[in-house]
Amino acid sequence: ELADQSPVKGCMVIRPTGMALWDALRSALDERIKESGAQNAYFPLFIPVSFLSKEAEHVEGFAKECAVVTHHRLRSTEGGKARAQPG
């Protein structure tokens, strides 16, 4: 088995063999991406607050590292800038 489903919707737990395959694939793709002149980007992972609440004993230790998303919709203004649209 390469990976397992995670209780976090849309996420997977990648096992060591799956990670080794991913590392090899990522390295090959990274080389091709950089040769084309493009740049890589990474984005943060979003975890529902309800999952943090389930793991309350662990939350205190890393809570200061968590950012809480309070706005989830953006709307363009007339000036072309984005602003949060209330849910």
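What comes next is a walk through the structure. (Residues numbered from 1 in each chain as written. Predicted model: local features only at pLDDT ≥ 70, side-chain atom pairs only at ≥ 80, totals over all residues. Heavy atoms only, no water.)

With respect to the pattern of salt bridges
Right, so step 1: Scanning the entire structure with this criterion turns up four salt bridges.
Right, so step 2: A salt bridge links glutamate 1 to arginine 15; its shortest N-O distance comes to 3.2 Å. With a gap of 14 residues between them, glutamate 1 in the segment before β1 (3-5) and arginine 15 in the loop between β2 (12-14) and α1 (16-35) connect regions that are remote in the sequence.
Right, so step 3: For lysine 34, the salt bridge goes to aspartate 30, with nearest N and O atoms at 3.2 Å. Of this pair, lysine 34 and aspartate 30 both sit in helix α1, four residues apart, roughly one helical turn.
Right, so step 4: Taking the relative accessible area as the measure of exposure, aspartate 30 reaches 22% and is therefore partly exposed.
Right, so step 5: A network of salt bridges, in which partner residues are shared, links Glu1, Asp4 and Arg15. (Salt bridge = Lys/Arg side-chain N within 4 Å of Asp/Glu carboxyl O. Helix = DSSP H or I, 4+ residues; strand = E, 2+ residues; numbered from the N terminus. Buried < 20%, exposed > 50% of the residue type's maximum accessible area, 1.4 Å probe, protein only.)

Some points on a nonpolar patch on the surface
Right, so step 1: Nonpolar side chains collect at one region of the surface, where Met12, Ile14, Met19, Trp22, Leu25, Leu29 and Ile33 lie side by side and expose about 620 Å² of accessible area between them.
Right, so step 2: Of all elements in the fold, only β2 and α1 reach the threshold of two or more residues within the nonpolar patch.
Right, so step 3: A total of five residues in the nonpolar patch trace back to one element, the largest contributor, which is α1.
Right, so step 4: Tracing the backbone shows leucine 29 in helix α1.
Right, so step 5: A relative accessible area of 37% places leucine 29 in the partly exposed class. (Patch = residues over 30% accessible without salt bridge, like charges linked within 9 Å, V, L, I, M, F, W, Y side chains within 5 Å. Areas by Shrake-Rupley, 256 points an atom, 1.4 Å probe, with all protein chains shown as cover.)

Purely geometric stuff here, so don't read any function into it on its own.
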